[in-house]
Structures are given as C-alpha cells and as structure tokens.
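Residue-level structure breakdown
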Amino acid sequence: MKTIFEPFRIKMVEPVKMTTREERVQIIEKAGYNPFLIPAEKVLIDLLTDSGTSAMSTDQWAAMIKGDESYAGAKSWFNFEAAVKGVTGFKHVIPAHQGRAAERLLFSVLAAEGKVIPSNTHFDTTRGNIEFRHARALDFVAPGGEDPDVIADFKGNMDVDALEKCILENGAENIPVVMLTVTNNATGGQPVSMQNIRETRAVCDKYDLPLFLDVARFAENAWFIKTREPGYADKSLREIAREMFSYADGCNMSAKKDALVNIGGFIALNDDKLALDLKNLLILSEGYVTYGGLAGRDLDAMAQGLQEILDEDYMRYRIATVENLGDQLNKLGIPIFNPPGGHAIYINAKKFLPHIPAWEFPGQSLVSELYIEGGVRACEIGSIMFGYWAKDGSFVGAPNELVRLALPRRVYTRSHMDYLVEVVAEVYAKRDSIRGMKFRYEAPILRHFTSTFDRL
Ligand SMILES: Cc1ncc(COP(=O)(O)O)c(C=O)c1O
C-alpha cells in the first residue's frame, strides 16, 4: 500500500472552535500581529511549535496514573532512569524540567568567560545559556546547511574542518565541550549523519575534548540515518540511536520533543565528577536528584514516551507527514527550505514575498496572512528573531527569512494538512498585495515573543 496512515486511533478529542476571517482580522490586529499574543483557542491549526505539544498515548496516561509522588527514590524515578540509560547507554541521569533547565545546569558548570563552545548550530536557548555565562557559542554547520535550495541528505552536519580550526585558534584548554544538535533545529530540522558524528568524535579525540549531543530530536535523526545512510537500513531505530550516543560523552535533552511529553528534560553522561557537580546544582535550583523539578507522573510519561518514539511505524508516519506536506507545497511552486527536515516545514518568505525587504519583516507578514486566511498559527524565524540595527543605523537582516510550520506529534490528521496546504496556496495567490510590517512596540530582547506590529 502506498498510503501511510496515522498509526493510532483517536480516543479523546479536543474540539476546535471555528472562527471567521472577519473575526481573525480583528483578533490578530488586537494581538499586534504577533502570533504568540493570540489566545490558543482562537487558533484553528496551531503550528507555533512541536515542543511540549505532543498528544500522549493511552500507555503514557496509564503510566501517569501510576506515578509515584514520593519526594526521594520514587518508583517513577527508577522507571525513568532505566529508560534513559536503556536508550542512551550513559551512566548518570540528571532530570530537569525542560531542555533549557538542563542547559543552564550544564553550562553553569562548564562555561565561563574566555571559554568557547562550538556546535553544528546551537539552538537559541543553548546559545543564551552559554552567553549568560560570558562564554562564546560558535556555530560550524557544514557548507550548504543554511541554503534553503541545496539538496543534500544531511544538511545539519558539523563542518569538522572549521571545528578543528576553531580548536587550534582558541586552544583546546579553552573548549570545555563540543556540541552537536541532532536534528539541527536552527537550520530547518536537518539531520546529522552517523559518519559526521564519528568524524566529530575523531576531532574531539585528537584534542581530548568531550562531545555532548543535544538530542531533543534524536529519534527523528535516527530515522534519517536509517533511510539515507548506507549500512543502516536493516538496523532498528534503537540500535542506531545507541550508536549515535556511543560516540558522545553525554547528552542534554528537551523531552518535550522526542520523548512525546508536555514537560520534561534531562542530562545523561558518563563523567562521575561532572555528574556530581550537576547534581549539587540541581538540588539548588530544580529539586532533589530523583525528580529534578518534575512530578513523578511526568517521569513515568517520559519513560514510556522514550520507548514509543523508537517505534518505526510511528516514525515512518511522522516523517512521511512532513515530507508529504513539503511535496505538496513544492508542487505548487511555494518556496520552502528543501529537503524538508524532521519536525517542520519552513517557508522561504524571502522568495514568497520578494517585494518586502528584510527590515519590513516578510516572515511576520506571511505569519499574519496565514492566520487571517485560515486560522493557522506559525512562527517567524527571520529578521525579527535574528536581525538588528547596527551602530551606524543600517539594518542587518537574518541569513534567511523563514516561516516555520512546526508539526506537533500525533495531533493533526492528513485532512488538517490538506487544509493547511490550501491556506498557504490561497495566501500565495495573493502574495503581490501583501505588505510589510513595522514595530508598534519593539521588545528589548527575544523580540519575537512580545513585540507588536502594524501593517505598512
Ligand atoms: C535543539 C533544541 N535544544 C534545546 C531546546 C530547548 O528546550 P526547551 O524548550 O524544553 O527548554 C529546544 C527547544 O525547542 C531545541 O529545539
């Protein structure tokens, strides 16, 4: 059979309340044309993020009911610890309430002024936590990785030559850890190959540096290795994931993605001394070492989610959904970041709205039109997020003007996707009449969350 259908049945539903175009025009104007400021119940298809938005399974809900809420040494903790060790093979597990909490712990110990932390591409919270410690976060994605039109299997790879150059320039003693984000969220959710993980490991070995993986989407990455990299087709996702982890000294995870939960995260690692330091900090800010800012039931839901994410029927459907959406948009001539990555489609707003310059935020205009046209909530990843005004008053735009349509896991069906394609096509048909945006209020940091806009 050619049709890949959702490998689950729907047992509980959350109604979506319809809105009219006229209502949406008023709602988004009131929200200052910022999708983060729109009440969720006024959204028909919510593609703002794939983080913490998964639908949990019957087994996860059952595990939550069995959650042990003892302060120390709860049964839920041992379930969770065993699940993380089983998937990653690391010796120590440090629970945290989400990815950035794990990052804050890790970099509170490892990062300091004068230190440099290289990565294929740091996610923005990772960069934020490194820079908060006055260390430098450097990105070395392989050539072509940031180009929406380059077709390659592993556009998330690390540029290992650039990594080595960075080590030589800065001195290995100033590099506390090398990071690899799998998949690479900041460059379109693009995967990293096993060969590249091995090559990165080899560079780390040469200079005696530890390697940590940011594994928010490790299972999606494992699927791309299975389906695209020679020698892996017959291996299970669990085996592939285990090999990925075997090249690293540790990992940090936002479990809100590939552990299929609404909250949670962790660090897993082999180094005894670092684990002890992290546990001491954990107690100070997140909670005791066997719950780390989470309820026992959350730990159980993660333990179960970590098993389900490695189910190949699930992952085949997941990646096919993203690919199919990408195919439909490509066929209509709608410019997207190609090939589609693991968790989202990124529309190339620079090409979609070529008449709107970066300083009039084409991505934000497109986000607004998608909401007005069909109640679809998307997120700008362009000059609002990364652009700035230089000291001489000139505008420095982001490398790409993207609009991310992030797909929550197990939430939307194929007809939701068909509707989405129709909405994008409708907006594309009217693209010449779409105008740019200017700030109504410009937030001083992380502008995309709270700034407001007016149409030009
Ligand atoms: C690759 C990556 N790392 C870290 C994080 C931060 O995780 P959290 O949102 O759970 O704090 C994210 C979130 O999107 C991510 O995509």
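Refer to the preceding data block for the structure.
Residues numbered from 1 in each chain as written. Predicted model: local features only at pLDDT ≥ 70, side-chain atom pairs only at ≥ 80, totals over all residues. Heavy atoms only, no water.

**Structural notes on the sheet that holds strand S11 (residues 379-381)**
On the basis of which strands lie adjacent, the open sheet formed by three strands has the order S9-S14-S11 and antiparallel pairing. The open sheet is flanked by strand S9 (344-348) and S11, the only strands paired with a single partner. Strand-to-strand twist across the sheet, computed as the mean angle between neighbouring axes with direction ignored, equals 35°. By the bridge criterion, five bridges tie S9 to strand S14 (residues 402-406) in an arrangement that is antiparallel. Bridge assignment links Asn348 to a residue of S14, and that residue is Leu402. (Pairing = 2+ DSSP bridges. Helix = DSSP H or I, 4+ residues; strand = E, 2+ residues; numbered from the N terminus. Axes fitted to C-alpha atoms, helices over the stretch in contact; angles between N-to-C directions.)

**Structural notes on the pairing of strand S8 (residues 265-269)**
Burial of S8 is extensive: five of the five residues sit out of reach of the surface. Judged by which residues are buried, S8 turns out to be covered on both faces: Gly265, Ile267 and Leu269 on one side and Phe266 and Ala268 on the other are all buried. Bridge analysis of strand S2 (residues 92-96) against S8 gives five bridges, and the strand direction is antiparallel. Bridging across to S8, His92 finds its partner in Leu269. Relative to S8, strand S7 (residues 250-254) runs antiparallel, the two being bridged by five bridges. Within S8, the position partnered with Met253 by the bridge is Phe266. (Buried < 20%, exposed > 50% of the residue type's maximum accessible area, 1.4 Å probe, protein only.)

**Re the environment of Val25**
Of note, Val25 is situated in helix H1 (residues 21-30). Considering only alpha carbons, one finds Val25 and Ala398, 373 residues apart in sequence, at a separation of 28 Å.

**Here we look at empty space enclosed by the protein**
Under the definition given, this model contains one cavity of 30 Å³ or more. Estimates place the volume of the largest cavity at around 80 Å³. Taken together, Tyr317, Arg318, Thr321, Leu407, Pro408, Arg409, Arg410, Tyr412 and Met417 form the lining of the largest cavity. If you tally residues by element for the lining of the largest cavity, the top one is helix H12 (residues 312-331), at three residues. Considered class by class, the residues forming the lining of the largest cavity number five nonpolar, one polar and three charged. (1 Å grid on protein atoms, 1.4 Å probe; cavity = no way out; pocket = protein on both sides within 12 Å on 5 of 7 lines; lining within 4 Å. Points joined across faces, edges and corners; volume = space filled by probe spheres on them. Nonpolar A, V, L, I, M, F, W, Y, C, P; charged D, E, K, R; others polar.)

**Observations concerning the site of the ligand**
Not every one of the 14 residues close to the ligand is listed here, only the nearest: Arg100, Asn185, Asp214, Ser254 and Lys257. Gln98 is positioned such that a nitrogen or oxygen atom in its side chain is 2.8 Å from an oxygen atom of the ligand. The side chain of Arg217 places a nitrogen or oxygen atom 2.9 Å from an oxygen atom of the ligand. Residue classes in the shell around the ligand are distributed as one nonpolar, seven polar and six charged. (Near = heavy atom within 4 Å. Polar contact = N/O pair within 3.5 Å; in protein donor to acceptor, adjacent residues only side chain to side chain.)

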